[in-house]
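# Secondary and tertiary structure notes
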Amino acid sequence: METRKEGEIEDMSMPLSSPTMGSMQIAGGNGFGHNIEFMSQAYLRNRYSEIDIEDYTVYADKDQPLPIFLKFEDVEYKVRNHQPASINPVRAVMSKLASQLNLEQDKYKEILKGVTGSTSPGEILALMGPSGSGKTTLLKIIGGRLTDNVKGNITYNDIPYSPALKRRIGFVTQDDILLPQLTVEETLVFSAFLRLPSDMSLQQKYAKVEMIMKELGLERCRHTRIGGGLVKGISGGERKRTSIGYEILVDPSLLLLDEPTSGLDSTSANKLIHILQGVAKAGRTVITTIHQPSSRMFHMFDKLLLISEGYPIYSGKGRDCMEYFSSLRFIPEIAMNPAEFLLDLATGQVNDISLPEDLVASQGSVDSERAYLQLKYKTHLEPKEKEENHRSTKAPQHLQMAIQVKKDWTITWWEQFTIIMKRTFRERRRDYFDKLRLLQSLGVSVLLGLLWWKSSAATEAQLRDQIGLLFYICIFWTSSSIFGAVYVFPFEKVYLVKERKADMYRLSVYYVCSTLCDMVAHVLYPTSFMLIVYFMAGFKRTAICFFLSLFTILLIAIISQGRDDGLFVVDVVSSHRRLLRPAYTEIYAVDEVLIVHVLWL
Ligand SMILES: Nc1ncnc2c1ncn2[C@@H]1O[C@H](COP(=O)(O)OP(=O)(O)OP(=O)(O)O)[C@@H](O)[C@H]1O
């Protein structure tokens, strides 16, 4: 899809009038919960079917959240069942051909089987359903993170997804991807500095972080490391709240949350949903998956989509769902939390639920109850949803255009560089000053020094001996740098992928910062190594010879590491990454040959 520059659209779409929702600027920029009241009134005036174009002129300002009216219709998604690859090339080609011609339907697993719905700014849409029903998958499709094998129609202000939307969508994933060595405060501050508009002062950005931490109850653990894996850090609930803070900090227009309340006690979960309500009422569209909300929480959702094995069985207003199911004669026989009742229906566990007579008569099994509910959804609710989607007025043209506008970077390349540089250094500094690493480097240098103790280059055989040592040193520093990158990158890959999906910074910034930061280690260790081995081995004791040798080794270490970082970065972003892998070994081989030649000369 064509993406245009912001300025062009502003000129084309409408004359800029002064914002009619003045306090929204505060909400978009600095405020968060304070002007919710005012915003909610503005949005109540502008429900989907009665969009007042004048009221939206404010979004021409790039820092304002753009209202996103989301519609999805007949969304289907399937994945290919894993099968061992055939070693017979003819069979492999046939299988590929058959799959392309759709002849192998049975080899696909259907995850979503026609989901329809819609949601508007100011609303919270809750996706409910048992584990494995397809909630996360739907959320990922809506967030533009799953695109292959997706069928159906998903529109944002009546326009299909485009990468221009990346920076308008906040996605809180189930597995909270946060850098483990940073503290909670550092995590939020770096995110604020990277993503909040440049016209906000540093104080305002700090104040916003402060406010989010207060709202989410993160003050007590602000100086605690995030942790993860073997690093001890904050609790699971605090981690979840930090992830949410990380996303809502930048006021995304569309906020998607995957199980935000998992790991929280019921009071914190309620508080969190209150916060999400505030975010929604301030003009954002919020979609959240949720497993088992308390009845209090349940009533805070504006819309509900109940999914059972990839099929929707209810969609509509949360408060109407009990009425809908009782109209179908599904009535709880004991007092039940509505969420519990809905999940029982979606899983087919209907022990304490009275069933409609026609279903009882047909000797209901678990599957027949679900099939019954799916059928009822298809006949009663789906046509209504589709009709509503089609009947509702099209989003105003300027909103349609604005959605295609790629937001400019909030800060310059240099500003991104300084922030990412600081962040990378803080994240990796423990590795750089690792005692074991230092011990290894010094140990090897002393060992080599002893083996080549006071060697001389008087005869050809002795010279060859010294060249052997030089060769060993080159190989040692090449492989050390490779392993440095191999150990760091797989861990950082998930963060890089996540942040790239949110379009947080330029890829070149990440690459330059990663390479420059690692230079700390690639200068410190080889220098101390060379200081020992050079003099113990009795190489020429002239300043020029020493510094040239040191310079060569530093160059080898830095180039090896920079090249590996580069290959890994390309590996992450390239769609032809498999083709790259054979290239790794070839590049290394050519590299080593070059190094040896340089040394010989
Ligand atoms: N790439 C894939 N390959 C095979 N199966 C997949 C793939 N992605 C998802 N699935 C399957 O699709 C189903 C739905 O997964 P999804 O993560 O959307 O469920 P969910 O409703 O979010 O579950 P939970 O509440 O446990 O997170 C699951 O059965 C899962 O195993």
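An account of the accompanying structure is given in this report. (Residues numbered from 1 in each chain as written. Predicted model: local features only at pLDDT ≥ 70, side-chain atom pairs only at ≥ 80, totals over all residues. Heavy atoms only, no water.)

This brings us to helix α16 (residues 413–432). Along its length, α16 reaches its greatest deviation from straightness, about 40 degrees, at Arg 426. Within the sequence span of α16, burial applies to Gln 416, Phe 417, Ile 419, Ile 420, Arg 423, Thr 424, Glu 427, Arg 428 and Tyr 432. (Bend = angle between axes of the 7 residues up to and from the residue. Helix = DSSP H or I, 4+ residues; strand = E, 2+ residues; numbered from the N terminus. Buried < 20%, exposed > 50% of the residue type's maximum accessible area, 1.4 Å probe, protein only.)

With that settled, the discussion passes to the site of the ligand. Ser 131, Gly 132, Lys 135, Thr 136 and Thr 137 are the nearest of the 14 residues found near the ligand. Interatomic distance of 2.6 Å between a side-chain N/O atom of Ser 131 and an oxygen atom of the ligand. Taking 640 Å² as the accessible area of the ligand by itself, protein coverage stands at 62%. Of all the secondary-structure elements, those providing two or more residues to the shell around the ligand are β2 (108–119) and α5 (135–142). Grouping the constituent residues of the shell around the ligand by class yields three nonpolar, eight polar and three charged. (Near = heavy atom within 4 Å. Polar contact = N/O pair within 3.5 Å; in protein donor to acceptor, adjacent residues only side chain to side chain. Areas by Shrake-Rupley, 256 points an atom, 1.4 Å probe, with all protein chains shown as cover. Nonpolar A, V, L, I, M, F, W, Y, C, P; charged D, E, K, R; others polar.)

Okay, the nonpolar core next. Most often, soluble globular proteins keep nonpolar side chains buried together rather than apart. Residues Met 128, Phe 325, Phe 330 and Leu 342 are the most contacted members of the largest nonpolar core, which totals 81 residues. For Phe 330, the residues in contact, after removing those within four places along its chain, are Phe 325, Phe 341, Leu 345, Ile 353, Ser 354, Leu 355, Pro 356, Leu 359, Tyr 372 and Leu 373. With 30 residues, the next largest nonpolar core counts Leu 112, Leu 139, Ile 169 and Phe 171 among its residues. (Core = buried A, V, L, I, M, F, W, Y, C linked by side-chain atoms within 4.5 Å. Contact = heavy atoms within 4.5 Å.)

We now examine the environment of Ser 162. Inspection of the secondary structure puts Ser 162 in the loop between β4 (150–156) and β5 (169–172). Through-space distance from the C-alpha of Ser 162 to that of Lys 406 is 9.1 Å; in sequence the pair is 244 residues apart.

On to the packing of helix α6 (residues 184–195) against helix α8 (residues 236–248), then. Two packed helices can be described by the angle between their axes and the distance between those axes. Following both chains from N to C, one finds α6 and α8 inclined at 15 degrees, their axes separated by 9 Å at the closest point. The orientation of α6 relative to α8 falls into the category roughly parallel. As for the relative orientation of α6 and α8, their crossing is right-handed in sense. The residues of α8 that touch α6, namely those facing Val 184, Thr 187, Leu 188, Ser 191 and Arg 195, are Thr 242, Gly 245, Tyr 246 and Glu 247. Across the contact of α6 with α8, the residue classes break down as three nonpolar, four polar and two charged. (Axes fitted to C-alpha atoms, helices over the stretch in contact; angles between N-to-C directions. Parallel < 35°, antiparallel > 145°, perpendicular 65-115°, else oblique. Left-handed = near helix turned anticlockwise from the far one by under 90°.)

Coordinates in, geometry out; function isn't part of it.
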